[in-house]
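If you want the building blocks of each chain, they are given just below.
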Amino acid sequence: MGLDIADIVAAEPRELADFRGRAVAIDAYNALYQFLSSIRQPDGTQLMSPEGKVTSHLAGLIYRNSSLLEVGVRPVYVFDGKPHPLKSSTISERRSRREAAEVEWREALEAGDMEKARTKAQQSTRLTGDMVQESADLLGLLGIPCIMAPGEGEAQASHMAARGDVWAAASQDYDSILFGSPRLIRNMTLSGRRKVPRRDIYVTIRPEMIEAERALAQLGMTREQLVDLGILMGTDFNEGVRGIGPKKGMKLVKELGDAKAVMAAKGYDIPSIDAVREIFLKPNVTDAYELKWKSPDVAGIVAFLCDRRGFSHQRIEATVGKIAAAKSASAQKSIDAWF
DNA sequence: CGAGTGTA
DNA sequence: TACACTCGG
């Protein structure tokens, strides 16, 4: 999923506190998928309310945003709008992979292979319209602004960062750099050790930042050339050339100047190249949004999460209490009058 | 994923 | 205090 250029761009390690006072546009679908896929029991079952509704995304959102607000980060969530027609084959491929994974999940469970069951369960992760709606509802109760993008959420988040309305875009995918965000934050979470699946080792996950200008200078490429590299490697909107990865693709684009020259020289054919270039370089975005953070609606959060979804009163009250405490602390320190 | 707890 | 591990819904 998304462009994988981790091997060729350097990401700088950061701590969450480095982003204190910054507004950050978070790719909502990316975050929700991450919660839905990873907040699971060892056999792969998601957290659920007594009525059987999945709650993993809500658990992820409340705890993640509590730590963001506590350190003074101002999150904005940007949801995907209408997918581009060129994305349809990616979308149907993802659906069939999810369906296959769901079958393999059941099989692994029957075989008693819990490791495999969990992995397959994670690959079967689905994000429903209902989950999106209640995520937006919870963010509203937290006083966090939500924006509906006309097209790709990542494009809209990048546009807001490019305009300076937010300081950075946050996503696990690198596409924000292609969409023109000056900064990309990955792993926007408190640093912590996590067990790597299948292996008996732990790694420390910490936030990292990619600065577009620095990354492009380091690569010796323009943004247009990076978009062309993405197109050669394959994006959500085109298939890419077999055998072209970040290393070989970068070498060719730099030698020959752009993807069309590479295609001509090597006899590659990517019919949609002009349309895909336009998706990244002239993205479908809007300026019609308002960023306004409000105090959390404590009673509303408790009513929703505890009374309607079975969350523990004790946990939720403690979590929301931390947000309120951080709010008054930041007001005292005059970091910013953003509530 | 992130909070909380047990252990040294 | 530091970190491994379990539980949450």
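A. Geometry of helix H8 (residues 212–219). Taken residue by residue, H8 has Ala212, Ala215, Leu216 and Leu219 as its buried positions. Viewed end-on, H8 has its buried residues packed into an arc of 95°, placing them on one side of the element. Of the exposed residues in H8, the ones pointing more than 90 degrees away from its buried face are Glu213, Arg214 and Ala217. Residues of H8 that are buried in the fold lie against helix H7 (175–179), strand S9 (208–211), helix H9 (223–233) and helix H10 (246–256). In the stretch just after H8, Gly220 is the one whose phi turns positive, near 70°.

B. Spotlight on the protein's contact with DNA strand B. Taken together, Ser38, Ile39, Tyr63, Arg64, Thr189, Arg194 and Lys322 are the residues near DNA strand B. The sugar-phosphate share of atoms of DNA strand B within 4 Å of the protein amounts to 64%. Measuring from a phosphate oxygen of DNA strand B, one finds a side-chain N or O atom of Thr189 at 2.4 Å. Arg194 is positioned with one of its side-chain polar atoms (N or O) 2.5 Å from a phosphate oxygen of DNA strand B. Among the residues forming the surface near DNA strand B, the class breakdown is two nonpolar, two polar and three charged.

Definitions and limits used
Residues numbered from 1 in each chain as written. Chains lettered and ligands numbered in written order. Predicted model: local features only at pLDDT ≥ 70, side-chain atom pairs only at ≥ 80, totals over all residues. Heavy atoms only, no water. Buried < 20%, exposed > 50% of the residue type's maximum accessible area, 1.4 Å probe, protein only. Helix = DSSP H or I, 4+ residues; strand = E, 2+ residues; numbered from the N terminus. Arc of directions from axis to C-beta. Contact = heavy atoms within 4.5 Å. Near = heavy atom within 4 Å. Polar contact = N/O pair within 3.5 Å; in protein donor to acceptor, adjacent residues only side chain to side chain. Nonpolar A, V, L, I, M, F, W, Y, C, P; charged D, E, K, R; others polar.

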